[in-house]
Amino acid sequence: TQLLEQSPQFLSIQEGENLTVYCNSSSVFSSLQWYRQEPGEGPVLLVTVVTGGEVKKLKRLTFQFGDARKDSSLHITAAQPGDTGLYLCAGYRTYKYIFGTGTRLKVLA
Amino acid sequence: EAGVAQSPRYKIIEKRQSVAFWCNPISGHATLYWYQQILGQGPKLLIQFQNNGVVDDSQLPKDRFSAERLKGVDSTLKIQPAKLEDSAVYLCASSLDHFPARTDTQYFGPGTRLTVL
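Parameters and conventions
Residues numbered from 1 in each chain as written. Chains lettered and ligands numbered in written order. Predicted model: local features only at pLDDT ≥ 70, side-chain atom pairs only at ≥ 80, totals over all residues. Heavy atoms only, no water. Helix = DSSP H or I, 4+ residues; strand = E, 2+ residues; numbered from the N terminus. Contact = heavy atoms within 4.5 Å. Pairing = 2+ DSSP bridges. Axes fitted to C-alpha atoms, helices over the stretch in contact; angles between N-to-C directions. Phe/Tyr/Trp six-rings, centres within 6.5 Å; stacked < 30°, edge-to-face > 60°. Buried < 20%, exposed > 50% of the residue type's maximum accessible area, 1.4 Å probe, protein only. Buried area = accessible area lost by both parts, 1.4 Å probe. Salt bridge = Lys/Arg side-chain N within 4 Å of Asp/Glu carboxyl O.

### Some details on the environment of Pro-110 of chain B
Moving on, step 1. Counting through the fold element by element, Pro-110 of chain B comes out in the loop between strand E10 (107-108) and strand E11 (112-116).
Moving on, step 2. With sequence-adjacent residues up to four places away left out, Pro-110 of chain B is seen in contact with Gly-40, Glu-41 and Gly-42 of chain A together with Val-4, Gln-6, Arg-9 and Leu-91 of chain B.

Here is the structure:
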């Protein structure tokens, strides 16, 4: 059972475009993390959000936790080829992190 | 600071054979995780250790998978016998046990890519 659904599953955009990735669930999470994973490597943590409605910014990346702590979004402004990778959300619930289905992003130069 | 080490990086076996993966977490990290990641999907937690005790193994197929964490440091994950559907990347991660745990950071190793023929 996949508790966290991400959309879109795949995204191919041109350099300079903006994009938003969504992470949705019917369950409430104590916190939510976003990771980026590049081919042949393990995921690397980008951010942790813990409060409903919380917004965090990391350079061109903006993360938001839903008010009800059931969903989250990742917005990238002016995407660059270096943003290419698999983006994963992970929600903390019952003492463990549950990963989402993943969004594969490709930014073309 | 050295990261999470895993070996081997790649393994190809025939179905019904056995295989073992090794993980050395970051020094001082109390919690160790093993995940299975099918190509293009999110990681699925197989087992979580805190020191040398098991916290969660609810998704570990115990008829064929086993894991141990000796002395609360290194860990091995074994599959015996392997099936075709076990083809995946096996990721090991560790965390410091930050309080509260919901803000803990997992540090992942590069993974072992297993192909079962």
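### Focus on the sheet that holds strand E6 (residues 55-58) of chain A
Residue and element names in this part refer to chain A.
Moving on, step 1. Pairing is antiparallel in the open sheet, where 5 strands are placed in the order E1-E3-E8-E7-E6. One side of each edge strand has no neighbouring strand; the edge strands of this open sheet are strand E1 (5-7) and E6. In this sheet, adjacent strand axes meet at a mean angle of 15° when their direction is disregarded.
Moving on, step 2. Relative to strand E7 (residues 61-65), E6 runs antiparallel, the two sharing 4 bridges. The partner of Leu-58 across the bridge, within E7, is Leu-61.

### Some points on the packing of aromatic side chains
Residue and element names in this part refer to chain B.
Moving on, step 1. Within this structure, the stated rule accounts for 9 aromatic pairs over all chains.
Moving on, step 2. Ring centres of Tyr-33 and Tyr-35 lie 6.1 Å apart, and the angle between their planes is 25°; this geometry places the pair in the stacked category. Just as Tyr-33 is buried, Tyr-35 falls in that class too.
Moving on, step 3. Measuring from ring centre to ring centre gives 5.5 Å for Tyr-35 and Phe-108, while their planes differ by 40°; the resulting arrangement is tilted.

### Description of the interface of chain A and chain B
Moving on, step 1. Opposite the 22 residues of chain A that make contact, chain B presents 21 residues.
Moving on, step 2. Taken over both partners, the interface formed by chain A and chain B buries close to 1600 Å², and the fraction arising from carbon and sulfur atoms is 50%.
Moving on, step 3. Of all residues in chain A, the largest losses of buried area upon contact with chain B belong to Lys-96, Tyr-97 and Phe-99 of chain A, amounting jointly to 29% of the total for that side.
Moving on, step 4. Applying the counting rule to chain A against chain B returns 1 salt bridge.

### Here's the deal with the sheet that holds strand E1 (residues 5-7) of chain B
All names here are of chain B.
Moving on, step 1. Pairing is antiparallel in the open sheet, where 4 strands are placed in the order E1-E3-E8-E7. Since the sheet does not close on itself, it has two edges, and those belong to E1 and strand E7 (65-69), each with one partner. Going across the sheet, the axis of each strand differs from the next one's by a mean of 15°, ignoring polarity.
Moving on, step 2. Direction of pairing for E7 relative to strand E8 (residues 75-79): antiparallel, over a ladder of 5 bridges.

Read these as layout, nothing more, since geometry by itself doesn't imply function.
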